[in-house]
Amino acid sequence: MESKIPGFYKLSPRERLDIVKKFANLTDDEIDILRGTGALSLSNADKMIENVVGVMGLPIGIATNFLINGRNYLIPMCIEESSVVAAASNAAKIARVKGGFHTTSTEPVMIGQIQVTNIKDPETAKNIILKNKNKIIAHANDRKSTIIKLGGGTKDIEARIVEHAGEKMLIVHLLIDCRNAMGANFVNTIVENTAPLIEELAGGQVVLRILSNLATHRLARAEAVFDKQALGGEDVVDAILEAYKFACADVYRATTHNKGIMNGIDAVLLATCNDTRAIEAGAHAYASLGGYHPLTTWEKNSDGDLVGKIELPLAVGIVGGATSVHPVAKVVKKILGIKSARELAEVMAAVGLAQNLAALKALSTEGIQKGHMKLHARNLATMAGATDDIIDKVVKTLIKESKPSFSKAKEIVEKMKKDKVAKN
Ligand code: MEV
């Protein structure tokens, strides 16, 4: 089934669920989980964090039109901000014209850091660590673990000397393949267990043993060609390139540019119950390597079409932690139909690129407020009880108001309903 579903946004949540059910082969129970706004029970919540007193509901919307490596995806996005889901769907629709998104990723390798202080000769200690690489890897992997059985575990090591206030420290990196897990617990356990051996070899004193969220060995990439006609003409391509130059030249703009990218990525992270803070920290740190810059690049090809690319660390998991426990996250993963953590990371990269395209297109042409207002007015009209037969008219009337409000929407809806009855 295609993810291009014209008019999806006009349907009721129930009708949309019927389509998603068919697309992802969901069972009635799974549909009930999505429909039940209290899908996470208090007792399950109580097992996830401490001092639980309640749960927080947020909407999940489906981004349509995504074609990634030739496969159709419906993408569940959990977010409180309006326009984000519509914008992603729109950009994905434009990307489809030239074949959709193409993605790649590296192996799911995390960095576990071990900090060694009080070393007399850091350079010699570094060489000793590197010479004992095989011994350290064997020690790190000498444990019972499903991830290791599946081909994961410590694969390599790095050693760096860093300096603070005249004091040199040796930092040992264990490069740990986490397979389909995000891997925080796996990595932290391994570095804690390996630290005594590092201390014995290097001398000095081990202090911290913890993963790094700057996962430079766990990258996801996506690219797409956006057809110039579908974008609205070559002028729009040029305007988007001007907007991109602004982000390249100015850190204030680059921050907002990247925030727009993370709108999409965070929404998929949340829907799959992945660690949003870890990915945010890693994404912005990655953007700062070599000077803070946009996470995307944009250029025009010889046909005048727009070519976009994105690369960022995306340490996400599809097993372990909340992603395996939360009932909604489990259904979300089924809708995505993802088979590996790498595939999920690549989907997120595609969503980030789509989100950035949509923002740059809106910002460099009509601005974002018009679209925001339209969606806001539609939400108000729905809340005020506008039925399918009058909703478009209500939205149009409401937009003309200088300050569309719920009470104004209610007034318009009631008047239109009354007029309709009088006509009949
Ligand atoms: C708003 O949430 C995101 C944007 O500000 C992103 C951008 O400016 O590129 C529209």
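Residues numbered from 1 in each chain as written. Predicted model: local features only at pLDDT ≥ 70, side-chain atom pairs only at ≥ 80, totals over all residues. Heavy atoms only, no water.

**Q** Please explain the pattern of salt bridges as it appears in this structure.
**A** Where charged atoms from two side chains of opposite charge come close, those side chains can pair. Scanning the entire structure with this criterion turns up 22 salt bridges. With a shortest N-O distance of 3.2 Å, E107 and R342 are connected by a salt bridge. Within this pair, whereas E107 is found in the loop between β3 (101-105) and β4 (109-117), its partner R342 is found in helix α15 (residues 341-364), the two being separated by 235 residues in sequence. Accessibility expressed as a relative area gives 28% for R342, which makes it partly exposed. (Salt bridge = Lys/Arg side-chain N within 4 Å of Asp/Glu carboxyl O. Helix = DSSP H or I, 4+ residues; strand = E, 2+ residues; numbered from the N terminus. Buried < 20%, exposed > 50% of the residue type's maximum accessible area, 1.4 Å probe, protein only.)

**Q** Help me understand the sheet that holds strand β7 (residues 205-212) in this model?
**A** Sheet strands line up and pair through hydrogen bonds in the backbone, either parallel or antiparallel. Sheet architecture is open: 4 strands sit in the order β5-β6-β4-β7, paired in antiparallel fashion. Only two strands of the sheet have a single neighbouring strand rather than two, namely β5 (153-164) and β7. Going from strand to strand, the sheet's axes swing by 20° on average, the running direction of each strand aside. The pairing of β4 with strand β6 (residues 167-177) spans 8 bridges and is antiparallel. Looking at β6, one finds that G112 is bridged to L174. Seen against the sheet, helix α6 (residues 133-141) touches β5 and β6 and runs at an angle of roughly 115° to β5. (Pairing = 2+ DSSP bridges. Axes fitted to C-alpha atoms, helices over the stretch in contact; angles between N-to-C directions. Contact = heavy atoms within 4.5 Å.)

**Q** How should I be thinking about the pairing of β3 in this particular structure?
**A** The side chains of a regular strand alternate between both faces of the sheet. The alternating pattern of β3 places F101, T103 and S105 on a buried face and H102 and T104 on a face that is not buried. Across 5 bridges, the pairing between β3 and strand β8 (residues 219-226) is antiparallel. Note on β8: the bridge partner recorded for S105 is A220.

**Q** Mind showing me how you'd approach a nonpolar patch on the surface here?
**A** Where nonpolar side chains cluster on the molecular surface, the patch consists of M48, I49 and V325 and spans about 260 Å² of accessible area. Inspection of the secondary structure puts V325 in helix α13 (residues 322-325). On the basis of relative accessibility, which here comes to 44%, the residue V325 falls in the partly exposed class. (Patch = residues over 30% accessible without salt bridge, like charges linked within 9 Å, V, L, I, M, F, W, Y side chains within 5 Å. Areas by Shrake-Rupley, 256 points an atom, 1.4 Å probe, with all protein chains shown as cover.)

**Q** What am I meant to see in the side chain of H173 here?
**A** Along the chain, H173 turns up in strand β6. When near neighbours in sequence (up to four residues on either side) are disregarded, H173 contacts I111, G112, Q113, D156, I157, E158 and R160.

**Q** So what exactly am I meant to see when it comes to the packing of aromatic side chains here?
**A** The description of an aromatic ring pair uses the distance of the two centres, along with the angle that the planes make with each other. If you walk through the whole model with that rule in mind, you get 3 aromatic pairs. Judged by centre distance (6.2 Å) and plane angle (75°), the rings of F101 and F226 are edge-to-face. Here F101 is found in strand β3, whereas its partner F226 is found in strand β8, with 125 residues between them in sequence. Each ring, one from F226 and one from W298, has its centre 5.7 Å from the other, and the planes form 50°; the classification is tilted. Here W298 lies in strand β9 (residues 296-300) and F226 lies in strand β8, a separation of 72 residues in the sequence. F226 sits in the buried class, given a relative accessible area of 0%. (Phe/Tyr/Trp six-rings, centres within 6.5 Å; stacked < 30°, edge-to-face > 60°.)

**Q** It is not clear to me how the domain arrangement of the protein chain should be interpreted in this structure. Could you clarify?
**A** One frequent convention defines the size of an interface as the accessible area lost when the parts assemble. Along its sequence, the protein chain is organised into domain 1 (8-103 + 221-365), domain 2 (109-212) and domain 3 (370-423). Summarising the inter-unit geometry, the C-alpha centres of domain 1 and domain 3 are found 30 Å apart. Facing the 4 residues of domain 1 at the interface are 5 residues of domain 3. Both sides of the domain 1 and domain 3 interface together cover about 420 Å² of buried area, and 49% of this is carbon and sulfur. Together, K10, S82 and S83 form the three largest contributors to the area buried by domain 1 at its contact with domain 3, with a combined 71%. Counting across the domain 1 and domain 3 interface gives 0 salt bridges. Across the contact surface, domain 1 and domain 3 share 0 residue pairs in polar contact (both at pLDDT 80 or more). When grouped by side-chain class, the residues that make up the side of domain 1 that touches domain 3 number 1 nonpolar, 2 polar and 1 charged. (Domains from an automatic or database assignment. Buried area = accessible area lost by both parts, 1.4 Å probe. Polar contact = N/O pair within 3.5 Å; in protein donor to acceptor, adjacent residues only side chain to side chain. Nonpolar A, V, L, I, M, F, W, Y, C, P; charged D, E, K, R; others polar.)

**Q** What am I meant to see in the site of the ligand here?
**A** Every residue close to the ligand is listed here: E81, R253, T256, H257, K259, G260, N263, A359, L363 and I368. One of the side-chain N or O atoms of K259 is found 2.7 Å from an oxygen atom in the ligand. Between N263 and the ligand, the recorded distance is 2.9 Å, taken from a side-chain N or O atom to an oxygen atom. Where the shell around the ligand is concerned, the elements lending two or more residues are α11 (251-271) and α15. With 6 residues, α11 is the single largest residue contributor to the shell around the ligand. (Near = heavy atom within 4 Å.)

**Q** Help me understand α11 in this model?
**A** Every α-helical turn comprises 3.6 residues, leaving residues that sit three or four positions apart pointing alike. For α11, with 21 residues, the first-to-last C-alpha span of 30 Å sits near the 30 Å given by 1.5 Å per residue. For α11, a buried count of 15 out of 21 residues is recorded, marking the element as mostly surrounded by other parts of the structure. Positive phi appears at C273, one or two residues downstream of α11, with a value of about 60°. (Expected span 1.5 Å × (residues − 1).)

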